Amino acid sequence: KSYRIAILGATGAVGTELLELLESRNFPVAELKLLASERSVGRWLRFKGEDLPVELVSHRTLENLDLVLASAGGSTSKTWAAVAVEKGAVVIDNSSAFRMKPEVPLVVPEVNPLAAANHQGIIANPNCTTILMTVAIWPLHQISPIKRIVASTYQSASGAGAKAMAEVKTQARAILQGQEPLAEVLPYPLAFNLFPHNSPLNDLGYCEEEMKMVNETRKIFGDQQVRISATCIRVPVLRAHSEAINLEFESPFSADAAREILSCAPGVKLIEDWKNNYFPMPMEATGQDEVLVGRIRQDISHPCGLELWLCGDQIRKGAALNAVQIAELLVERNLLKPAKAYVSSETE
Ligand code: A2P
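Calculation criteria
Residues numbered from 1 in each chain as written. Predicted model: local features only at pLDDT ≥ 70, side-chain atom pairs only at ≥ 80, totals over all residues. Heavy atoms only, no water. Axes fitted to C-alpha atoms, helices over the stretch in contact; angles between N-to-C directions. Helix = DSSP H or I, 4+ residues; strand = E, 2+ residues; numbered from the N terminus. Parallel < 35°, antiparallel > 145°, perpendicular 65-115°, else oblique. Left-handed = near helix turned anticlockwise from the far one by under 90°. Contact = heavy atoms within 4.5 Å. Nonpolar A, V, L, I, M, F, W, Y, C, P; charged D, E, K, R; others polar. Salt bridge = Lys/Arg side-chain N within 4 Å of Asp/Glu carboxyl O. Buried < 20%, exposed > 50% of the residue type's maximum accessible area, 1.4 Å probe, protein only. Core = buried A, V, L, I, M, F, W, Y, C linked by side-chain atoms within 4.5 Å. Near = heavy atom within 4 Å. Polar contact = N/O pair within 3.5 Å; in protein donor to acceptor, adjacent residues only side chain to side chain. Areas by Shrake-Rupley, 256 points an atom, 1.4 Å probe, with all protein chains shown as cover. pLDDT = per-residue confidence, 0-100. Arc of directions from axis to C-beta. Expected span 1.5 Å × (residues − 1). Phe/Tyr/Trp six-rings, centres within 6.5 Å; stacked < 30°, edge-to-face > 60°. Pairing = 2+ DSSP bridges. Right-handed = clockwise from strand over helix to strand, strands pointing away.

## Description of the packing of helix α1 (residues 13–24) against helix α8 (residues 316–332)
Part 1 of the argument: At a minimum axis distance of 9 Å, the contact between α1 and α8 shows a crossing angle of 45°. The orientation of α1 relative to α8 falls into the category oblique. Considering only the axes of α1 and α8, their crossing is right-handed. In this structure, α1 uses Val14, Glu17, Leu18, Glu20, Leu21 and Leu22 to contact α8, whose residues at the interface are Arg316, Ala319, Ala320, Leu321, Ala323 and Val324.
Part 2 of the argument: For the contact of α1 with α8, the per-class residue count stands at nine nonpolar, no polar and three charged.

## As for the packing of helix α3 (residues 128–143) against α8
Part 1 of the argument: Between α3 and α8, the least distance of the axes is 8 Å, while the angle of their chain directions is 85°. With respect to α8, the axis of α3 lies roughly perpendicular. Contacts from Cys128, Ile131, Leu132 and Val135 of α3 reach α8 at Lys317, Gly318, Ala319 and Asn322.

## Considerations on the pattern of salt bridges
Part 1 of the argument: Applying the stated criterion to the full structure yields 16 salt bridges.
Part 2 of the argument: Here Asp289 ties to Arg25 by a salt bridge, and the two come within 3.8 Å at their closest N and O atoms. Of the two residues, Asp289 is situated in the loop between α7 (282–285) and β13 (291–298) and Arg25 in the loop between α1 and β2 (29–36); the sequence distance between them amounts to 264 residues.
Part 3 of the argument: According to the relative accessible area criterion, Arg25 is partly exposed, its value standing at 29%.

## A closer look at the nonpolar core
Part 1 of the argument: With 58 residues, the main nonpolar core has Val68, Ile137, Leu247 and Leu308 as its most contacted residues.
Part 2 of the argument: The leading source of residues in this core is α3, at eight residues.
Part 3 of the argument: Contacts of Ile137, omitting those with residues within four sequence positions, involve Ile146, Ile149, Phe221, Ile245, Leu247 and Leu308.
Part 4 of the argument: Core analysis: the second largest hydrophobic core is formed by 46 residues, Ala13, Leu52, Val54 and Ile92 among them.

## Considering the site of the ligand
Part 1 of the argument: Around the ligand sit 15 residues, and of these Thr11, Ala13, Ser37, Arg39 and Ser40 come closest.
Part 2 of the argument: The contact in question runs from an oxygen atom of the ligand to an N or O atom on the side chain of Arg39, over 2.8 Å.
Part 3 of the argument: Here an oxygen atom of the ligand and a side-chain polar atom of Ser40 are 2.5 Å apart.
Part 4 of the argument: Against a free-state accessible area of 570 Å², the protein chains account for coverage of 73% of the ligand.
Part 5 of the argument: Taken together, the residues of the shell around the ligand sort by class into six nonpolar, eight polar and one charged.

## Some words on the confidence of the model for the protein chain
Part 1 of the argument: Taken residue by residue, the protein chain gives an average pLDDT of 97. The fraction at 70 or more is 99%.
Part 2 of the argument: Both scores are available for the predicted complex, with the pTM at 0.97 and the ipTM at 0.99.

## Some thoughts on helix α6 (residues 255–263)
Part 1 of the argument: For α6, the set of buried residues is Ala255, Ala258, Arg259 and Leu262. For α6, the angular spread of buried residues about the axis comes to 100°, placing them on one side. Summarising the geometry of α6, the exposed residues directed more than 90 degrees from the buried face are Asp256 and Glu260.
Part 2 of the argument: Each element contacted by the buried residues of α6 is listed here: α3, β12 (268–270), β13 and β14 (305–313).

## Focus on unusual backbone geometry
Part 1 of the argument: A positive phi angle, near 50°, is found at Lys48, a position not held by glycine.
Part 2 of the argument: By relative accessible area, Lys48 is classed as partly exposed at 41%.
Part 3 of the argument: For Asn334, which is not glycine, the phi torsion reads 55° and is therefore positive.
Part 4 of the argument: As for its position among the elements, Asn334 is in the segment after α8.

## Let's talk about helix α4 (residues 162–176)
Part 1 of the argument: Over its 15 residues, α4 extends 22 Å from the first C-alpha to the last, a length consistent with the 21 Å expected when each residue adds 1.5 Å.
Part 2 of the argument: Taken together, the buried positions of α4 are Ala164, Met165, Glu167, Val168, Gln171 and Ala174.
Part 3 of the argument: The inward-facing, buried residues of α4 abut α1.
Part 4 of the argument: Residue Gly178 follows α4 closely and has a positive phi angle near 75°.

## Comments concerning the packing of aromatic side chains
Part 1 of the argument: According to the stated counting rule, one finds six aromatic pairs in the structure shown.
Part 2 of the argument: Here Phe98 and Tyr342 contribute two aromatic rings whose centre-to-centre distance is 5.7 Å and whose plane-to-plane angle is 90°, an arrangement assigned as edge-to-face. With Phe98 in the loop between β6 (90–93) and β7 (122–124) and Tyr342 in the segment after α8, the pair connects residues that are 244 residues apart, well separated along the chain.
Part 3 of the argument: With 5.3 Å between their ring centres and 75° between their planes, Tyr154 and Trp309 make a pair best called edge-to-face. Within this pair, whereas Tyr154 is found in strand β8 (residues 146–155), its partner Trp309 is found in strand β14, the two being separated by 155 residues in sequence.

## Topic: the pairing of strand β5 (residues 67–70)
Across a regular strand the side chains alternate sides, sitting on one face of the sheet and then on the other.
Part 1 of the argument: By the alternation rule, side chains of β5 split into Leu67 and Leu69 and Val68 and Ala70, which are all buried.
Part 2 of the argument: Both strand β1 (residues 3–8) and β5 contribute to a ladder of four bridges, which runs parallel. Considered in β5, the bridge of Leu8 is made with Ala70.
Part 3 of the argument: Note on the crossover from β5 through helix α2 (residues 74–86) to β6: the handedness is right-handed.

This is the structure in structure tokens:
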């Protein structure tokens, strides 16, 4: 069986990767529609050797679909996801619009694949830093419960979209030519610089990106007890995020045991060459499917603490690959079938 699919946001950083992944993973595609805003109408994108037109998302272009992979921002998803469901499609949504709604499963296939079974038309793809962290620490959490997580992130420009990636290159060129770097997409120059994530701050001083790590991790783990604090920083890297993670367990967890577990954990690649001080780097994580993990070591400040370092491709496992893996999961388990019209709960 093959499926009628649309990519909503097909011209964006994640959309382009979705197109590539559907082709390279040989997803059973019967028909593919590429949807975006009116800005992109007239553009063509290549899929399996064929040029396909980019069309405007509309009631008409959302007809007769089995699956919509949406990555066009929260407001576009809020406008169109329920429409697509009503017309019979299942929506895998990469925006934050539905992630915390109780009726919407939030899925990382290596962590909580079973949650997908309860979908009511929309399945949410988690935040990128959250996906990368949960893939790496879930196998440890299953052996010994994690009590507390302190995460510090080093996030690439890709999280802010294709235009932000292009802007960092332009800024770097400007600086090297002795000119002032312009910041139009990003709030400040990122080339040769870094700044705390610019999502809105709450009363406690945490930004939205940091709170996504807190709330989404708890939902994916199905564990509201785990305590989490995060500091999210944007760095001048193009498309892979890095994270320094401190874990506190209920009881001591040796670095060797963690290493052994992570050496065969799904979606994880252990990279540790202590002699040569060689560990995961965002440049090497770029284009790879796995989350690269290394520098696993005992926390010298706490008997039940563990430190680790990870890098993962933000566009791939952090977004597009995770969405395609969810789609594969739906196909495998015969879950890619129309739900009744999606009814949104007001409470999040
Ligand atoms: P467009 O290229 O027509 O603006 P990125 O995250 O890389 O910035 O990509 C965002 C994606 O979402 C693009 O494909 C963009 O299309 C699409 N998009 C943004 N706003 C809308 C909208 N209002 N309707 C449909 N697609 C949208």
